[in-house]
Structure formats: structure tokens, C-alpha cells
Amino acid sequence: MSDNANTRSKPGAPVLSLRGISKNFGAVSALTDIELDVHAGEVVALVGDNGAGKSTLVKVLAGVHQPSSGTITFDGKEVDLTDPGTALDLGIATVFQDLALCENLDVVANIFLGRELKPARLDEVTMEVKAWTLLNELSARIPDVRDVVASLSGGQRQTVAIARSLLLDPKLIMLDEPTAALGVAQTAEVLNLIERVRDRGHAVIMISHNMEDVRAVADRIVVLRLGRNNGVFYPDSSNQELVAAITGATENAVSRRASRRQAEQSA
């Protein structure tokens, strides 16, 4: 395991701290004694195999599930995330994998969905200006905020979902598989967007199965295995270390390939 936390400079107090978080569904233990810190202006990648507990942890932080035990400290205060509205009001925004966009509505309507200005008589002009301002701050490639979402590419839809999450200026943004099913150009666009969100001072938790995407933007990589912490890594950690932590097997295709290359170089 590669945990160089003691040798690297740490940022200030964490925005989010989890201590001993467990979640049980009847007799099934989905999470056990999870520890996690996330700081402002930091991207933490949460990785693990299917069933490792990543989605359950995100849902706990989003207020969808309540932990069976443990404490959640947010912005220096211990909090109870009893429902999604509470999490959002505190400053925790979540972009789930399905994005939850209305494809028949335009970009402005999707960004302000449920938070419209003057709902009785919509202030369309102010909302449009605010949408353009937010998208320009993210250097987003959206041709027209009056285009319906159905006409946008996968990367542009992800951009709209992230922009919507930033509307209330949250302290923490969670992204569930933000580059899943995207092409190379669209993936690069979304990764650039994540970096811009971090540069704005937001804390970011990113779930991904793509190790190259994780290395491209993550400051730290937290591995979950079978609902437990299984190591903290950094982008310069080897694939062999990461795969071993994720799968629990030190002998695998990646380690064998690394051994063969080392032997060829030594010959």
C-alpha cells in the first residue's frame, strides 16, 4: 500500500470528515468503519470493485441513506444528513450517474429545475444571464443555453448537470461515474471541467472505474474493498498497487505484466 500522507503537505481543516461510518441493510453490512477526509480545493477519487460500497457511501453523504453508526463532520460541525434536502442545504451537492436531466427542457430550465426565480412568473432573463455566467466560469462548451438537452452531447449533458450542482455554491460536490459511456473528446472535456470546479475551491469526490481518468484529476485515491477502507494512494502509485488494493489479489495480470517488463529490462 502507498500511503505517503505523512510526507506530503496537507491542506487546512477538512470540509468533510467521516469517522467509523457503517451501514447495514438487515444482516448485510454494506459499509464498515469507513474513514474519509476531503479538503477544499481537492479531488478525492473513490475507487473499488462492484459491491465495494462506493455508491452506498455516496448515498449516505447525499442523505438518501442514514448511517447505522459513526459520525459525519461537515464544515467543522457534526451533522445528521437525514434527507437529501438537508445535505443540499448544508452544501453537499451530488451528480448521479443518470444525471437526472429533463431532455425536453432547455439548458436554463434544467440548471434552475426546482429552484426557479420567481416561480409564479418566471424571471427568464435573469435565469438565462445566471446560466451563461455559470457556464462561462466553467469554460463550458455549450452552444446555446436555449437548446434542449436532448440535442446535447454526453459531455455537454454532464456539464449541465455539474453547473446545476454549482448553482447554490456548495462546499462539496460528488460525481458518480462522470465519464462513463463518454468518448475520448467528451471525457477530456469533463475532466477539464472537474479541474475547474476544484480550482474554484470546491471539494470534489469522484467515483470512477477508469484509472486513467482518476490519475488525470485526483489529488488522492481512496480504495474501498468489501465495504472497508483498503488504502490511500496518489496519482503516481503504480497500477499494480491499485489493482491489488481493489481486488485483494497481489498476483494478477497487471502484476505479471510488470514483472515481465522488469525482467526484460534487467536482461
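Before going into details, it helps to say that this report is about the structure given with it. (Residues numbered from 1 in each chain as written. Predicted model: local features only at pLDDT ≥ 70, side-chain atom pairs only at ≥ 80, totals over all residues. Heavy atoms only, no water.)

## What to know about the sheet that holds strand β5 (residues 77–79)
Moving on, step 1. Spatially, β2-β1-β4-β5 is the arrangement adopted by the 4 strands of the open sheet, whose pairing is antiparallel. What marks the edges here is a single partner per strand, and that holds for β2 (28–38) and β5. Across this sheet, the average inter-strand angle for adjacent strands is 30 degrees, counted without regard to direction.
Moving on, step 2. Where strand β1 (residues 16–25) meets strand β4 (residues 69–74), 5 bridges bridge the pair, whose relative direction is antiparallel. Residue pairing for β4: L16 is matched across the bridge by F74.
Moving on, step 3. Packing against the sheet, helix α1 (residues 54–61) makes contact with β1, β2 and β4, and its axis sits at approximately 65 degrees to β2. (Pairing = 2+ DSSP bridges. Helix = DSSP H or I, 4+ residues; strand = E, 2+ residues; numbered from the N terminus. Axes fitted to C-alpha atoms, helices over the stretch in contact; angles between N-to-C directions. Contact = heavy atoms within 4.5 Å.)

## A word on the environment of A93
Moving on, step 1. Positionally, A93 belongs in strand β6 (residues 92–95).
Moving on, step 2. By relative accessible area, which is 2% here, A93 ends up buried.
Moving on, step 3. Setting aside residues up to four positions removed in sequence, A93 forms contacts with L88, S165, P170, L172, I173 and M174. (Buried < 20%, exposed > 50% of the residue type's maximum accessible area, 1.4 Å probe, protein only.)

## What to know about the pattern of salt bridges
Two side chains bearing opposite charge may form a pair once their charged atoms approach each other closely.
Moving on, step 1. A complete count under the given rule lists 11 salt bridges for this structure.
Moving on, step 2. The shortest N-O distance in the salt bridge between R19 and D37 comes to 3.0 Å. Taken together, the positions of R19 in strand β1 and D37 in strand β2 put the pair 18 residues apart, joining distant regions of the chain.
Moving on, step 3. The partly exposed category is assigned to R19, whose relative accessible area is 37%.
Moving on, step 4. The salt bridge involving E124 is made with R146; its shortest N-O contact spans 3.1 Å. (Salt bridge = Lys/Arg side-chain N within 4 Å of Asp/Glu carboxyl O.)

## Here we look at unusual backbone geometry
Moving on, step 1. The backbone phi angle of A100 is positive, close to 55 degrees, even though this residue is not glycine.
Moving on, step 2. Here A100 is to be found in the loop between β6 and α3 (107–111).
Moving on, step 3. Here A100 falls in the partly exposed class, since its relative accessible area comes to 47%.
Moving on, step 4. The backbone phi angle of L226 is positive, close to 50 degrees, even though this residue is not glycine.
Moving on, step 5. When you line up the elements, L226 lands in the loop between β9 (220–225) and β10 (228–233).
Moving on, step 6. On the accessibility criterion, L226 (60% relative accessible area) is exposed.

## With respect to the side chain of E177
Moving on, step 1. With respect to the element layout, E177 can be found in the loop between β7 (172–176) and α6 (184–199).
Moving on, step 2. Apart from the residues within four sequence positions on either side, E177 is in contact with Q97, I207, S208 and H209.

## Regarding helix α8 (residues 239–247)
Moving on, step 1. Buried within α8 we find L242, A244, A245 and I246.
Moving on, step 2. In this structure, the buried side of α8 is in contact with β3 (43–47), α7 (211–217), β9 and β10.

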